[in-house]
Amino acid sequence: MATSSHSTKRANSLGSAGSRGSSTPPSSAGKSSNKRTETDSRQVTKTTKQQKPSDRLNPKTVDPFFDAAKAKSAFASVYANGGVPCRLVHGSVKHKLAWDTPPEQVPFDPVLVTLAEGLKETVHPYTFVSFTGFTTLLSTPGASQKATPLLPKIAPPIRAALSHKDDAVFERGMECLTQLSSVVGPALNPYVKTVLMALSKRTMDKKYKEKVTETLQQLEQHGGKEVLPIIKSKVPTYCSIFG
């Protein structure tokens, strides 16, 4: 019985020694196992997220609700950031602009130039703001002296409006060109050639042939006889108002 008791104690001692001699204590093994489980869980979750049907059908690089037509243009961004000192007022019959600064006190540079660049807009309210703002500033006292030095910056946007495929943009471009001609007079002559190509193309359209002819007549009336050769060079069929 003594021998059996001694053997049992020795076996227990060896078992304890074996546990202490193990390279990974029981508690450490448990922690390592938990970490692996958590890592695997995160990987499974990540894989699950990546495999969502919506992700496969609508990749993050493509927004199915994005409307390119509503993306802000350069003019829209300037207007939204207060670069144009006016705001649209919706009326029951028609809209109007409310100016933060009286129009006659608004600096033409850069506001008039910015409004000219907005003439090619096709989305409301930018169409209304750019056209109404441009024509309003040109109607203020001293507009001729303020606008003339800016013609190199104003002429290209007006040409862009006249070259636009949208009929409404083209029509606004003609109206602004006519008013600008009446305000600055012969000072516009050096820039007339840049807009004639767009106007000459529209003479082929019965819808605009008469209106284009009236615009050319305004250019000649305000530009004088010296502008006639310029007009004839691009629109040979044009007949002078001076006979």
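That block above? That's the structure.
Bear in mind the structure is a predicted one, so any value in this text is a computation, not a measurement.

Novice: Hey, could you go over the pairing of strand 1 (residues 86-89) for me, with residue numbers and the actual values?
Specialist: Only one face of strand 1 is covered, namely the one carrying C86 and L88; the face carrying R87 and V89 has none of its residues buried. Pairing of strand 1 with strand 2 (residues 96-99), which is carried by four bridges, proceeds in the antiparallel orientation. Residue pairing in the sheet places R87 in a bridge with A98 of strand 2.

Novice: Which residues make up the pattern of salt bridges, and what values go with them?
Specialist: A complete count under the given rule lists four salt bridges for this structure. Measuring nitrogen to oxygen at the nearest pair gives 3.6 Å for the salt bridge that ties D109 to K153. Here D109 is found in helix 5 (residues 108-117), whereas its partner K153 is found in helix 8 (residues 151-162), with 44 residues between them in sequence. For D109, a relative accessible area of 43% puts it in the partly exposed group. For the salt bridge of K207 with D167, the shortest nitrogen-to-oxygen distance reads 3.3 Å. Of the two residues, K207 sits in helix 11 (residues 206-223) while D167 sits in helix 9 (residues 167-184), which places them 40 residues apart along the sequence. Since its relative accessible area comes to 54%, K207 is described here as exposed. Under the relative-accessibility criterion, D167 is labelled partly exposed at 29%.

Novice: So, the environment of T215: which residues are in play, and what are the values?
Specialist: Within the element layout of this structure, T215 appears in helix 11. Among residues more than four places away in sequence, those in contact with T215 are M174, L177, T178 and L199.

Novice: Would you mind going over the environment of V129 in detail, with residue names and values included?
Specialist: By the secondary structure assignment, V129 is in helix 6 (residues 126-138). With 43 residues separating them along the chain, V129 and C86 place their C-alpha atoms 8.3 Å apart. If we ignore the near neighbours within four places in the chain, the residues touching V129 are F75, Y79, C86, L97, L115 and F134.

Novice: How would you sum up the packing of aromatic side chains? Please name residues and give values.
Specialist: Summed over all chains, the structure comprises four aromatic pairs. Measuring from ring centre to ring centre gives 6.1 Å for Y79 and Y126, while their planes differ by 80°; the resulting arrangement is edge-to-face. Highlighted residues: Y79 in helix 4 (residues 74-80) and Y126 in helix 6, separated in sequence by 47 residues. The same class applies to Y79 as to Y126, namely buried. When the centroid spacing of 5.1 Å and the interplanar angle of 75° are considered together, the rings of F170 and Y208 count as edge-to-face. Taken as a pair, F170 in helix 9 and Y208 in helix 11 lie far apart in primary sequence, 38 residues in all. Among the aromatic residues, those joined into a cluster by ring pairs are F75, Y79 and Y126. Residue placement shows R202 over the ring face of F170; its charged tip is 4.2 Å from the ring centre. Residue placement shows K225 over the ring face of F242; its charged tip is 5.9 Å from the ring centre.

Calculation criteria
Residues numbered from 1 in each chain as written. Predicted model: local features only at pLDDT ≥ 70, side-chain atom pairs only at ≥ 80, totals over all residues. Heavy atoms only, no water. Buried < 20%, exposed > 50% of the residue type's maximum accessible area, 1.4 Å probe, protein only. Helix = DSSP H or I, 4+ residues; strand = E, 2+ residues; numbered from the N terminus. Pairing = 2+ DSSP bridges. Salt bridge = Lys/Arg side-chain N within 4 Å of Asp/Glu carboxyl O. Contact = heavy atoms within 4.5 Å. Phe/Tyr/Trp six-rings, centres within 6.5 Å; stacked < 30°, edge-to-face > 60°. Lys NZ or Arg CZ within 6 Å of the ring centre and 35° of its normal.

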